[in-house]
Amino acid sequence: MNMITRIEPVEPVSKRRFRDLPLWQRVSAFVLPIAAIGAGVGLFNREAPALAAPPPPTVTVATPLARDLTEWDDHVGRFEASKSVEVRPRVSGAVTAVHFTDGAIVQKGQLLFTIDPRPFAASLNEARAGVAQSQSDLALAEADLARASRLLTEDAVSKSDYDRLAARVRAARASLAAAQARVGGRALDVQFTQVRAPITGRISDRRVDAGNLVSTADAGGGTLLTTINALDPIYFTFDSSEALYLKAQRERAKSGGVAQQVEIKLQDESGYNWKGRVDFTDNGISAQSGTIRARAVIANPEYFLAPGMFGNMRLTGGSPERALLVPDAAVRTDQARKVVFVVGKDGTVAAKQVTPGPRIGSLRTIRAGLAPTDKVVIQGVQMIQPGAKVTERAGKIELPRGPAAQPPAAVNEPTASQATIAAR
């Protein structure tokens, strides 16, 4: 006989059945699970050990580096010839020879061009003949005057005749002087047929070849033959702002009028290899640009520098002064002020407001706000804040080496834009 067993599903407790339970059962449904969770949490808290406070961060500290610094101001300028001459003829004629190589270095007095001297030699001979004639006329007039002078004592000649003979002598002397002057002028014309270099320097190319006629009557004073630039020494001209001009004037007054020293580097150079001094400042500041023109003199014995070249110049800001140096990364910006972090005797960090100066390689000069004995945080700055405790580790600030010690920096007038360590 088959028996069929029916399994009834377990009916979940519905909201209606839950409401039908007694009150103490309904409260137990909520309180017991919460108590179990609280007991578990309490048991965990009793068994977990307390977490220890983290140790203070370790930072590297060092005292600032004290050095004598020479501050410089940056300028950009152009080289110019110390002398520049346009060579033109002083007599008209045909060029018969050219005696130089284009672009060569010529010495003062060196022969450059020859102009046909024959017409001027003929004029010179004519003038010399005029001198001989004047000398003959003067000798005759003086002889007549001497005879008249002897006759005048014997009343054999009138006073008027004597005066006429004396005037004739004076006229003959004047004629002789004029003839001699003509000889001098004609001799100069012959000399001017040899065109010589008026200065020492580098000559340009010839503008006139042999066989051409040149004249002194052309516009500008005559036919342009060539030009010569004196390049040793050479000038470096630049414009300075009014603020830097005032700063330079006050430094010059303090130094007793000593000329400011300059150093220049060319476009393809990393170091300031050219040295000189300021020898001229213009007599007024431009109303349009607010700048004043100045000039420095640079030695150029090898004629390497040429007019028109650009260069970056730094102008000394005065005598060397004592300054403190810290790593540039140690100087932080706090809104509108600059600060460095220092560590006190109790290991507490404090922020000091400082006045930074120009940069020397990776170091930054500090003008004010820092003492030579302060322990400056040079590594680990990003892990600290004012008032925190730190563990010190002794460090040392090293001077930069090589060309990187003097990188260009932005100009911040009227303070120096660069600085270098003064030679001891």
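Rules used throughout
- Residues numbered from 1 in each chain as written.
- Predicted model: local features only at pLDDT ≥ 70, side-chain atom pairs only at ≥ 80, totals over all residues.
- Heavy atoms only, no water.
- Pairing = 2+ DSSP bridges.
- Helix = DSSP H or I, 4+ residues; strand = E, 2+ residues; numbered from the N terminus.
- pLDDT = per-residue confidence, 0-100.
- Contact = heavy atoms within 4.5 Å.
- Salt bridge = Lys/Arg side-chain N within 4 Å of Asp/Glu carboxyl O.
- Phe/Tyr/Trp six-rings, centres within 6.5 Å; stacked < 30°, edge-to-face > 60°.
- Buried < 20%, exposed > 50% of the residue type's maximum accessible area, 1.4 Å probe, protein only.
- Lys NZ or Arg CZ within 6 Å of the ring centre and 35° of its normal.
- Expected span 1.5 Å × (residues − 1).
- Polar contact = N/O pair within 3.5 Å; in protein donor to acceptor, adjacent residues only side chain to side chain.
- 1 Å grid on protein atoms, 1.4 Å probe; cavity = no way out; pocket = protein on both sides within 12 Å on 5 of 7 lines; lining within 4 Å.
- Points joined across faces, edges and corners; volume = space filled by probe spheres on them.
- Nonpolar A, V, L, I, M, F, W, Y, C, P; charged D, E, K, R; others polar.
- Arc of directions from axis to C-beta.

Trainee: How should I be thinking about the sheet that holds strand E6 (residues 194-196) in this particular structure?
Mentor: Strand order in the open sheet formed by four strands is E6-E5-E3-E8, and the pairing between neighbours is antiparallel. Whereas interior strands pair on both sides, the edge strands pair on one side only; in this sheet they are E6 and strand E8 (213-214). As paired elements, strand E3 (residues 93-98) and strand E5 (residues 111-115) share three bridges and run antiparallel to each other. Looking across to E5, one finds that Val-95 is bridged to Ile-115.

Trainee: What should I look at first to understand the confidence of the model for the chain in this one?
Mentor: Predicted coordinates in areas of low pLDDT are best not read in detail. Overall, the prediction assigns the chain a mean pLDDT of 83, with 81% of residues at 70 or greater. In this model, residues 403-415 is a region of pLDDT below 50 whose contacts with residues beyond four sequence positions or in other chains number 28 contacts.

Trainee: I'm lost on the pattern of salt bridges in this one. Help?
Mentor: Side chains that carry opposite charge are capable of pairing whenever their charged atoms lie near each other. Considering all chains together, one arrives at 20 salt bridges under this definition. Among the ionic pairs, Lys-159 bridges to Asp-163, the shortest N-O distance being 3.7 Å. Remark: Asp-163 and Lys-159 occur in helix H4 (residues 159-192); sequence separation between them is four residues, near one turn of the helix. Between Asp-282 and Arg-293 there is a salt bridge whose closest N-O contact spans 3.8 Å. Linking Asp-282 in the loop between strand E11 (274-281) and strand E12 (291-298) with Arg-293 in strand E12, this pair joins segments that are eleven residues apart in sequence.

Trainee: Honestly, the packing of aromatic side chains in this entry has me stumped. Any pointers?
Mentor: Evaluated as defined, the whole model comprises four aromatic pairs. Ring plane angle 75° and centroid distance 5.4 Å describe the contact between Phe-100 and Phe-113, whose orientation is recorded as edge-to-face. On the criterion of sequence distance, the pair formed by Phe-100 in the loop between E3 and strand E4 (105-106) and Phe-113 in strand E5 is long-range, its members being 13 residues apart. Since its relative accessible area comes to 0%, Phe-113 is described here as buried. Each residue in the set Phe-79, Phe-236 and Phe-238 is aromatic and connected to the rest through ring pairs, giving one cluster. We note Arg-314 situated over the ring of Trp-72; from NZ or CZ to the ring centre the distance is 4.7 Å. Cation over ring: Arg-314 sits above Tyr-272, and NZ or CZ is 4.1 Å from the ring centre.

Trainee: Would you mind showing me how to read H4 here?
Mentor: Because each turn of an α-helix spans 3.6 residues, side chains separated by three or four positions end up pointing in the same direction. Counted at 1.5 Å a residue, the expected span for H4 with its 34 residues is 50 Å, and the 50 Å between its end C-alpha atoms agrees. Of the surrounding secondary structure, the elements contacted by the buried residues of H4 are E5, helix H3 (118-153) and E6.

Trainee: Would you take a moment to explain the environment of Asp-102 for this structure?
Mentor: The topology assignment puts Asp-102 in the loop between E3 and E4. With 105 residues separating them in the primary sequence, Asp-102 and Arg-207 have C-alpha atoms 10.0 Å apart. In this structure Asp-102 touches Ser-204, Asp-205 and Arg-206, once residues within four positions along its chain are discounted. Of the polar contacts made by the side chain of Asp-102, one reaches the backbone nitrogen of Arg-206; its length is 3.2 Å.

Trainee: Sorry if this is basic, but what is going on with the layout of surface pockets here?
Mentor: In this model, the second largest pocket occupies a volume close to 270 Å³. Taken together, Val-85, Glu-86, Val-87, Arg-88, Pro-89, Arg-90, Gln-191, Phe-192, Gln-194, Val-195, Arg-196 and Pro-198 make up the lining of the second largest pocket. Of all the elements in the fold, those that place two or more residues in the lining of the second largest pocket are strand E2 (65-87), H4 and E6. Of the residues assigned to the lining of the second largest pocket, the class counts are six nonpolar, two polar and four charged.

Trainee: Hey, could you run me through the side chain of Ser-82 in this one?
Mentor: Topologically, Ser-82 is positioned in strand E2. For Ser-82, a relative accessible area of 18% corresponds to the buried category. Of note is the side chain of Ser-82, whose polar atom sits 3.1 Å from the backbone oxygen of Ala-230. Looking at Ser-82, its side chain comes within polar contact range of the main-chain oxygen of Pro-233, at 2.7 Å. In contact with Ser-82, other than residues within four places in its own chain, are Ala-230, Leu-231, Pro-233 and Tyr-235.

Trainee: I would appreciate a short explanation of helix H5 (residues 242-254) in the present structure.
Mentor: The end-to-end C-alpha distance of H5 is 19 Å, a good match for the 18 Å that 13 residues give at a rise of 1.5 Å each. What H5 keeps buried is the set Leu-244, Lys-247, Ala-248 and Glu-251. Around the axis of H5, the buried residues are gathered within 100° of arc, so they sit on the same side. Along H5, exposed side chains directed more than 90 degrees from the buried face belong to Arg-250 and Ala-253. Tucked inside the fold, the buried residues of H5 contact E2 and strand E9 (226-241). A positive backbone phi angle near 80° is found at Gly-256, which sits one or two residues after H5.

Trainee: Looking at this model, I keep getting lost on unusual backbone geometry. Mind explaining?
Mentor: Across the chain, the bulk of peptide bonds are trans and the bulk of non-glycine residues have phi less than zero. Cis geometry is found at the peptide bond from Asp-232 to Pro-233, where omega equals 5°. If you trace the backbone, Pro-233 turns up in strand E9. With phi around 55°, Tyr-303 is a residue other than glycine that occupies positive phi space. Within the secondary structure, Tyr-303 sits in the loop between E12 and strand E13 (310-316). Given the relative accessible area of 17%, Tyr-303 is considered buried. With a phi angle near 60°, Gln-335 is a residue other than glycine that sits in the positive phi range. Relative to the helices and strands, Gln-335 is located in the loop between strand E15 (332-334) and strand E16 (337-343). Of the residues examined, Gln-335 reaches a relative accessible area of 78% and is grouped as exposed.

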